[in-house]
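Here is how the chains run, residue by residue.
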Amino acid sequence: MYTVSVQAHYDSAHFLRNYKGKCERLHGHRYVVEVALQTDRLNEAGIAYDFVDLKRHLRELADELDHQNLNDLPPFRDVETSAENQARYFFDELKKRLPEEQAAGLLYARVWETPQQWAQYGPSPAAVPAHRSPAIS
Ligand SMILES: [Zn+2]
């Protein structure tokens, strides 16, 4: 099985509406988003999925959040701007953009809020096709 992964970053402001503490106040982060996809097949160039295409899609999604107050943006109008929800946003949006086979292999989207903390979203192990799971002896 092959795994490929790319990152992009975006600088954004946000606050948490339903939280008591520092994060209820408007503040900013340099977010880093990482996505990974997995496949058991390589193309004739020996690559799983072209980094150039994957980075372009991720960059375009990150650019939509860059230098914005996330709380003002439609995807977060009804959900909190937590790193968890941002990870889900990237996962779902990237899945829509990728060709079917790559979309099926999307493993996770991970959003770092700081270099020390991240949140990740991906399908539950049960949702991953059986041939992608480790063999059970
Ligand atoms: Zn924050």
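Let us look at the structure shown here.

**Comments concerning helix H1 (residues 51-65)**
No. 1: Between its first and last C-alpha atoms H1 spans 21 Å; for 15 residues at 1.5 Å apiece the expected length is 21 Å, and the two agree.
No. 2: Taken residue by residue, H1 has Leu54, His57, Leu58, Leu61 and Leu65 as its buried positions. Taken down its axis, H1 places every buried residue within 90° of arc, on the same side. The exposed set on the far side of H1, more than 90 degrees from its buried face, consists of Val52 and Asp63.
No. 3: In this structure, the buried side of H1 is in contact with strand E1 (2-14), strand E2 (27-39) and helix H2 (83-97).
No. 4: Looking one or two residues beyond H1, the residue adopting positive phi is histidine 67, at roughly 55°.

Procedures and definitions
- Residues numbered from 1 in each chain as written.
- Predicted model: local features only at pLDDT ≥ 70, side-chain atom pairs only at ≥ 80, totals over all residues.
- Helix = DSSP H or I, 4+ residues; strand = E, 2+ residues; numbered from the N terminus.
- Expected span 1.5 Å × (residues − 1).
- Buried ≥ 20, exposed ≤ 12 C-beta atoms within 10 Å, placed from the backbone.
- Arc of directions from axis to C-beta.
- Contact = placed C-beta atoms within 7 Å.

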